[in-house]
Amino acid sequence: MRKVFLLSAALIMLLAFEAGAADLAGSCRIQFYGDSTLHGFSGTAACEPFALRPIAPAADSFQLAGTEIQVAVAGMDTDNDSRDNKMYDMFGAADHPFIIGRIRDFDASDLLTQLEKGGRLSFDLVIRDRAQAVQANVTDLTREPGRVTFSASFPVSLKAYDLKAPGVLGIIRVADEVRVVVAVVLEGDVLSSY
């Protein structure tokens, strides 16, 4: 059954590609959660709209070109202006205005099958001038005609990026690890064939 699905998906993708398949439009909303010596906090952000472009498919796969997904540091919001300004300073927003997720070229059919089984999504996360490999847990995958949605969650260590956690009066200090949850939406006519 899996072979039939993969071959059918590959054939549909191949035909869509040959017919001039359009890019997949992507968007995401981000929630992040941290702790401090006083209390926990949370915040939100959004990625810039992005596109996944088809590249020449093989007979049994559908390749999408890698891309960079950008999140504006100045758009991150914890509902506390003082904390937000310290966070922007920590990220060096003046010199590094975006946090970037880099995705390499991938086989869309294979990745979707893996994610449906509870697989992980791999990408590089770039903060300031440092990149780290990330393995995000994927949940809540849904497929509708023309649309795929899922959530990806992963921890981020501030120390791994050589970031000094903001604090207040040397007493209240943000914990090293921040948990990130990204709600992703992909839309495009080629997804109607799935």
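This text goes with the structure placed above it.
Conventions we followed
Residues numbered from 1 in each chain as written. Predicted model: local features only at pLDDT ≥ 70, side-chain atom pairs only at ≥ 80, totals over all residues. Heavy atoms only, no water. Helix = DSSP H or I, 4+ residues; strand = E, 2+ residues; numbered from the N terminus. Buried < 20%, exposed > 50% of the residue type's maximum accessible area, 1.4 Å probe, protein only. Phe/Tyr/Trp six-rings, centres within 6.5 Å; stacked < 30°, edge-to-face > 60°. Contact = heavy atoms within 4.5 Å. Disulfide = S-S within 2.5 Å.

Asks: Which parts of the structure should I look at to understand unusual backbone geometry?
Replies: Trans is the prevailing form of peptide bonds, just as negative phi is the prevailing case for residues other than glycine. Although it is not a glycine, aspartate 79 sits at a positive phi angle of roughly 65°. Mapped onto the elements, aspartate 79 comes out in the loop between β5 (67–72) and α2 (81–91). What makes aspartate 79 exposed here is its relative accessible area of 74%. One non-glycine residue, arginine 128, adopts positive backbone phi at about 55°. Turning to its location among the elements, arginine 128 is positioned in the loop between β8 (120–127) and β9 (130–144).

Asks: How should I be thinking about the packing of aromatic side chains in this particular structure?
Replies: The tally for this structure, following the rule as stated, stands at 1 aromatic pair. Ring geometry for phenylalanine 123 and phenylalanine 154: centres 5.4 Å apart, planes at 80°, overall edge-to-face. Taken together, the residues phenylalanine 123 in strand β8 and phenylalanine 154 in strand β10 (residues 147–157) connect sequence positions 31 residues apart. You'll find phenylalanine 123 and phenylalanine 154 in the same group, each marked buried.

Asks: Would you mind going over the side chain of threonine 67 with me for this structure?
Replies: Along the chain, threonine 67 turns up in strand β5. Take threonine 67: its relative accessible area is 17%, and that puts it in the buried class. Contacts of threonine 67, omitting those with residues within four sequence positions, involve Phe50, Ala51, Leu52, Gly101, Arg102 and Ile103.

Asks: Can you help me understand the state of the cysteines in this one?
Replies: A covalent bond between the sulfur atoms of two cysteines is what we call a disulfide. The full count for this structure, using the stated rule, is 1 disulfide. In this model cysteine 28 forms its disulfide with cysteine 47; the gap between the sulfur atoms is 2.2 Å. Residue cysteine 28 is located in strand β1 (residues 24–35), and its partner cysteine 47 is located in the loop between β2 (40–46) and β3 (50–52); the two are separated by 19 residues in the primary sequence. Residue class for cysteine 28 comes out buried when judged on its relative accessible area of 9%. Looking at cysteine 47, the relative accessible area reads 9%, which means it is buried.

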